[in-house]
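Working through the structure, step by step
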Amino acid sequence: MNRTTVSLIAGVAALAAVTGFASMSEPDTSGSDTAKAAAQLPVERTSLLCPAPSTSDLAETAYTSFTPVAEGTGDDGAAELTAAGEESADGKTDADKGDKKDDGEDGKEKAVLTPKEPGKPVTGEASGAESPALVGTAEGRFAPGWTVQQTTEIPAGSGRGLLGTNCTAPDTEFWFPGASTAKERTDYAHLTNPDDSAAVADIELYGKDGALKSTVGEGIQIPPHSSEAVLLSTLIDEPQTNLTVHVTVRSGRVAAAVQAIDDKLGGDWLGPSTDPAGSLVLPGIPKDATSVRLVAFAPGDADADLKVRLASPNGPITPAGNETLHIKAGMTAAINLGDVTRGEAGSLMLTPTGRPTPVVAALKVTRGKGDRQETAFIPATGPVETRATAADNRSKGSTLSLVAPGRAAKVKVTASAGSSGGTAASKTYTIKGGTTQNVELPVPGGLKGTYALTVEPQSGGPVYAARMLEAASGGVPMFTMQTLPDDRGTVEVPDAAQDLSVLQK
């Protein structure tokens, strides 16, 4: 066998396992398919970025890291989260100069959080307005399914509430329907660069009449290992109640999130919608939601017409007066669904009434009444294909919603050991087709500290998931929502043992 051919195949396999993106199939030039199915192997390296949590001096932030136990990972590996460097007057980051203010004995910046072993959460804390964005890397046995939750509690003042976000992997494009520059809102787009070279990004805004002209959002420079927060209201002249934010990266890559603060209704993080698609699922609307607003955007050249349905515990329901939604091409549309769940668990399902047109969407959800209201966001998300994880669950206040928009599905949910003690526990549920269920969570035995939840479909149709975390304070129903897409802990790589004789001809 040709040694160069073998090296090439091995190199592609290694690249796939590291990046989580590569896949490969053998071409059939002999008239018969001799290729074996690609193997699913654990990813070997991954990055996660956490935005700067708050500008409030009262903010208290908890970080929780968790990696599920995975087969085939070996015993080696490490993970850590460290503060993003700040650019100095000479244009170099702290990392460039080797002059970090939290230097340890080895000259490296002190980690905010360092996981010890897969299967057990580890926690860290930060206080006040000076807490920086974090840059994290996991390798080896810590990489597959690595999840980090950032949860901030602000008891009073601007941004009062519980703000939570899953720290995200860097990418080159993000969609955020549901942002706003209305007078009561203060929304920032946070862009974090994990790499050794500068990144350049553009921020485009789309309102009810289409694209909003702005040159300020073009060519935003994000220095290496740094984060930039861009106030959206500085990019346009007139306030816009419902906005879609589009972040694209010209060079490099970033992680992006929008922090949405309301003067009266608290605030939360708005995560990115899943990629534009003809059908979308927005899971986990709280059963006691007092107001739900749907914001959607059609990024292409064609209008979109969507059927709007609620997956309730008993089956699909069409909201009266909001049976369909028409979205003009390149414009943001919004409808108020009120208390659409009416005391029951629910998820929104958007499907095309005719020819599918790709759209993005998110929900703004409000709980409470009067001056004791709090808001959170639910972006459209992808299904749990193999496994999804929600970190930072407490002994009280966690609600897991599972929805099967098509066929019924069987789902296994595992509660990990606690961060300070306890043993894992699992339960299996059957979710009927077209329904949403808020499941009774398995409880870790002897729980001490926080724990993680992993969701693993066993059989049946697609499953979507979301976790609500709540912590009432002073009569305000503070809460935050995180959708749970697949954690992409494995990647397809070619079987090195397959017949490569076709490549020798």
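The present account deals with the structure reproduced in this document.

Reading guide: rules and limits
Residues numbered from 1 in each chain as written. Predicted model: local features only at pLDDT ≥ 70, side-chain atom pairs only at ≥ 80, totals over all residues. Heavy atoms only, no water. Core = buried A, V, L, I, M, F, W, Y, C linked by side-chain atoms within 4.5 Å. Buried < 20%, exposed > 50% of the residue type's maximum accessible area, 1.4 Å probe, protein only. Helix = DSSP H or I, 4+ residues; strand = E, 2+ residues; numbered from the N terminus. Contact = heavy atoms within 4.5 Å. Pairing = 2+ DSSP bridges. Axes fitted to C-alpha atoms, helices over the stretch in contact; angles between N-to-C directions. Patch = residues over 30% accessible without salt bridge, like charges linked within 9 Å, V, L, I, M, F, W, Y side chains within 5 Å. Areas by Shrake-Rupley, 256 points an atom, 1.4 Å probe, with all protein chains shown as cover. Salt bridge = Lys/Arg side-chain N within 4 Å of Asp/Glu carboxyl O. Lys, Arg positive; Asp, Glu negative; His and termini not counted. Charge placed at Lys NZ, Arg CZ, Asp CG, Glu CD. Disulfide = S-S within 2.5 Å. Phe/Tyr/Trp six-rings, centres within 6.5 Å; stacked < 30°, edge-to-face > 60°. Lys NZ or Arg CZ within 6 Å of the ring centre and 35° of its normal.

1. Considerations on the nonpolar core
Counting residues in hydrophobic clusters, the biggest one holds 31 residues, and the most contacted among them are Leu-294, Ile-327, Leu-348, Leu-350 and Leu-363. With 4 residues, the single largest contributor to this core is strand E20 (residues 304-312). Leaving out residues up to four positions away in the same chain, Leu-350 has contacts with Gly-278, Ser-279, Leu-280, Leu-282, Leu-294, Leu-306, Lys-307, Val-308 and Ala-361. Among the nonpolar cores identified, the runner-up in size contains 26 residues, and Ala-199, Ile-236, Val-254 and Val-258 belong to it.

2. Thoughts on the sheet that holds strand E25 (residues 360-369)
Spatially, E23-E19-E25-E26 is the arrangement adopted by the 4 strands of the open sheet, whose pairing is antiparallel. Edge strands, defined here as strands with exactly one partner in the open sheet, are strand E23 (332-338) and strand E26 (372-379). Taking the axes of each pair of neighbouring strands and ignoring which way they run, one obtains an average angle of 15 degrees across the sheet. Relative to E23, strand E19 (residues 291-297) is paired through 6 bridges, and the arrangement is antiparallel. Considered in E23, the bridge of Arg-293 is made with Asn-336.

3. A short note on the pairing of strand E28 (residues 398-404)
The buried fraction of E28 is high, at 6 of 7 residues. The pairing of E28 with strand E35 (residues 464-470) spans 6 bridges and is antiparallel. Bridging from a neighbouring strand, Leu-400 pairs with Arg-467 of E35. As paired strands, E28 and strand E32 (residues 435-439) are joined by 5 bridges and run antiparallel to one another. Across the sheet, the residue bridging to Ser-401 is Asn-438, located in E32.

4. Section: the sheet that holds strand E6 (residues 134-140)
Strand order in the open sheet formed by 3 strands is E2-E6-E4, with antiparallel pairing between adjacent strands. Pairing within the sheet leaves two strands with one partner each, and these edge strands are strand E2 (45-50) and strand E4 (77-83). Sheet twist, expressed as the mean angle between neighbouring strand axes with direction ignored, is 10 degrees. For E4 and E6, the ladder comprises 7 bridges, and the chain directions are antiparallel. Bridging from a neighbouring strand, Gly-77 pairs with Gly-140 of E6.

5. Examining the pairing of strand E24 (residues 346-352)
Here E24 lies mainly inside the structure; 5 of its 7 residues are buried. Examined bridge by bridge, strand E18 (residues 280-285) and E24 share 4 bridges and lie antiparallel to one another. The partner of Leu-282 across the bridge, within E24, is Leu-348. In terms of strand pairing, E20 meets E24 through 6 bridges, oriented antiparallel. Directly across from Val-308, in E24, lies its bridge partner Leu-350.

6. Quick look at a negative patch on the surface
Among the surface-exposed residues, Asp-171, Glu-173, Glu-204, Glu-218 and Asp-275 lie close enough to one another that they form a single negatively charged patch. Take Asp-171: it is sitting in the loop between strand E8 (161-166) and strand E9 (173-179).

7. Here's the deal with the state of the cysteines
Within this structure, the stated rule accounts for 1 disulfide. Each sulfur in the disulfide pair Cys-50 and Cys-167 lies 2.0 Å from the other. Here Cys-50 and Cys-167 share a disulfide; its torsion about the S-S bond, 110 degrees, makes the bridge right-handed. Separated by 117 residues along the polypeptide, Cys-50 in strand E2 and Cys-167 in the loop between E8 and E9 bring together distant segments of the chain. Accessibility expressed as a relative area gives 0% for Cys-50, which makes it buried. With a relative accessible area of 6%, Cys-167 lands in the buried category.

8. Here's the deal with the packing of aromatic side chains
Per the counting criterion, the structure on display carries 3 aromatic pairs. Members of the aromatic cluster, connected to one another through ring pairs, are Trp-175, Tyr-206 and Phe-297. The positively charged end of Arg-367 is found above the aromatic ring belonging to Phe-479, 4.9 Å away from the centroid.

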